[in-house]
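Descriptive structure summary
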Amino acid sequence: MTRQHQQQMHLGVLLLAAGNMVSGWRLPEAEAGSQNLPLIQKVTNKAEQAKFDFVFFADALNSFPGMHPSMVVRLEPLTLLGALAMSTTRIGLAATASTTYTEPYNLARMLASLDHLTGGRIAWNVVTGAFAEAAENFGAAKHPPHEQRYAIAEEFIAVVKGLWDSWEEDSLVMDKARGTFIDAAKLHVLGHRGKFFTVKGPLNITRPPQGYPVLLQAGASDAGINFAASIADVVFTVQQNKDTAIAFSNRLKAVAERQYRRDPRHLKVMPGICPIVGWTEAAAKAKLTELGALSDPVYAMKALSERMGTDLSAYPLDGPVPTLPPSTIMQGHAITLAETARRRNMTLRELRDFVGVSMGHKLMPGTPEQIADEMEEWFADGAADGFNLLPAYFPGAFDDFADHVVPLLQRRGLFRTDYTGHMLRQHLGIPRPEHPAKQFANDKDRLQQLHRRDA
Ligand SMILES: Cc1cc2nc3c(=O)[nH]c(=O)nc-3n(C[C@H](O)[C@H](O)[C@H](O)COP(=O)(O)O)c2cc1C
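Quick look at the structure, then. (Residues numbered from 1 in each chain as written. Predicted model: local features only at pLDDT ≥ 70, side-chain atom pairs only at ≥ 80, totals over all residues. Heavy atoms only, no water.)

Next up on the list: the packing of aromatic side chains. All told, the structure shown has 10 aromatic pairs when counted by the stated rule. A centroid spacing of 6.3 Å and a plane angle of 75 degrees characterise the contact between F52 and F415, whose relative ring orientation is edge-to-face. You can see F52 sitting in the loop between α1 (37–49) and β2 (54–57) and its partner F415 sitting in the loop between α13 (396–411) and α14 (424–428), a full 363 residues away along the chain. Of the two residues, F52 and F415, neither departs from the other in class, the shared state being buried. Seen from their ring centres, F156 and F197 are 5.4 Å apart, and the 90 degrees between their planes marks the pair as edge-to-face. On the criterion of sequence distance, the pair formed by F156 in helix α5 (residues 146–164) and F197 in the loop between β7 (192–193) and β8 (198–199) is long-range, its members being 41 residues apart. The same class applies to F156 as to F197, namely buried. Pairwise contacts between aromatic rings join F52, F398, F401 and F415 into one cluster. (Phe/Tyr/Trp six-rings, centres within 6.5 Å; stacked < 30°, edge-to-face > 60°. Helix = DSSP H or I, 4+ residues; strand = E, 2+ residues; numbered from the N terminus. Buried < 20%, exposed > 50% of the residue type's maximum accessible area, 1.4 Å probe, protein only.)

Here's what the structure looks like:
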C-alpha cells in the first residue's frame, strides 16, 4: 500500500492502568491501580488533549494469583466507558467484550447505549476469549476450540449488526400533534435462528450514531485473519519487524478486498508499541533495564507460556527456544515471538525476559526523535496505519510520549493537531455504514428480503 490515501497516522493507547509491563506499577513514579478511576480519567484526558483517536481497555473473564497486575483486578470495561463518556468529549472509547461469553442482544444493547451516550465515540474489541479459564465462570464444561470460537464470533457479529439495524434511522418520530411516537413501518424484527443463537429482536434502542460502533480485532491465526478481514475496522497486531509487519498488513488487506469486497483503505492496521522515552538513548535503555530488573521471572515464564500456547517452565532456560505446535490461545503472539527468537538467536531465558518486559509487543526505547523516526518509517513503508501504544506504566510513560513524541509527529505533519470530527469513525477516516434499507432502497427484491426477515 502507498501512503497516498492516508497522510496521517492514527494513535490509540491501551490503558492497562497498573502498566502494560508487569513491573511497571513497581516504579516509584507509577500511580498503580486498575481500579483507580481518577488515574484512568487523568490519562484519558491527556490522550484527548494529545488528540489520540482512542483509549482502549482490554479484558479477560477470570482472575488468579500471578496474573498480570493490570488484569488480576480491574474495572469492567463497558461500565468504565460509561464513566468516561461523561468526562470526555472527542476521544474514542474502546473496550473488549467476548463473543464466547456474552449474548448478542445484551452486548448490542450496551454498545448502542454507549454510542448514543458519547455521540458516536465507541469501539468494541471483538475477542473470542484467549483464556480458557473463563469457561469455569460461565457454567461451560470446556472453552470451545479455536475454530469453533471464530464460528460463534461470526454468527455473533451478524446478529449484533442485524439488531443495530432493527430500527431505521428516522424511526423515532415523536410527533406530538399526531400522537405518533415511532414509525412502526421502519422497525424490523430480526428473527434470527442460527447454529449458536436464536434472537428475535428488535433491539430496544435506536441505531447507534455511528451506524455500527467501530469494530476492533486482533486475529492473527488463519481463522483470525479471515475474521478480522471480514469485519474489523481496526486490527491490532504484534509485529516486531518492519518487513513482517508490511507482509501481514498486505495479506490482511488483500483478504479484505478479494474475499469480502471491502475497501482496504477502510481497514486500519495498528501494531502495538511500548515507547520508553529518554532524553538520551542511554537514559531510555537504563529505564528499560530498571523495568526488566523489577519483573518477576516466574510471572514472565507464565506470560511467555500463555503467549506461546505451551507450558515452557520445564524446558532448560539456557537452551534454545523449542519448536512448538501451533498455539490455540494467541497464535499471533506465538508466531511473532518464535520468529523474534529465531532472528535474534535467543535462548529461552532471553525470550522469557523479553516477554516479561514487553509482553510480546514491540519495544521502542529511545529519544523522542528516535521514536518518531521509527514510527514514521513504519507508517511511510506501509507497516502500520497507526499505532496502539502500550505504555510501561502510568501516567509517566504515557505523559512522556504525549508531551515529547506527539508534538514531533505533529510538526512532521504525521498526526492531527486537532480533531476534525466528533465520531470515532471520523477520526479514523472510515465511513459510517448505511442502514440496509437505504442501501437497498432502489432494489425492491433486496428490500423485500430484508422485510421477509420480519416473519
Ligand atoms: C493489542 C491486543 C489486545 C488484545 N486484547 C485482548 C483482550 O482484551 N482480551 C482477550 O481475550 N484477548 C485479547 N487479545 C488477544 C486476541 O483477541 C487474540 O486472541 C489473539 O490476538 C490471537 O488471535 P488468534 O486467535 O487468531 O490466534 C488481544 C491481542 C492484542 C494484540
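Within the element layout of this structure, S166 appears in the loop between α5 and β5 (172–175). Classification of S166 by relative accessible area gives buried; the value is 1%. Within polar-contact distance, the side chain of S166 engages the backbone nitrogen of L203 at 3.0 Å. Sequence-distant contacts of S166, that is, excluding residues within four places in its chain, are made with K186, L187, H188, P202 and L203. (Polar contact = N/O pair within 3.5 Å; in protein donor to acceptor, adjacent residues only side chain to side chain. Contact = heavy atoms within 4.5 Å.)

With respect to spatial proximity, 23 residues lie near the ligand, and among them D59, Y150, A218, S221 and Q331 are the closest. Within the backbone of D59, an N or O atom sits 2.7 Å from a nitrogen atom of the ligand. Across the shell around the ligand, the residue classes break down as 11 nonpolar, 11 polar and 1 charged. (Near = heavy atom within 4 Å. Nonpolar A, V, L, I, M, F, W, Y, C, P; charged D, E, K, R; others polar.)

In short, the description is geometric, and any link to function would need to be established separately.
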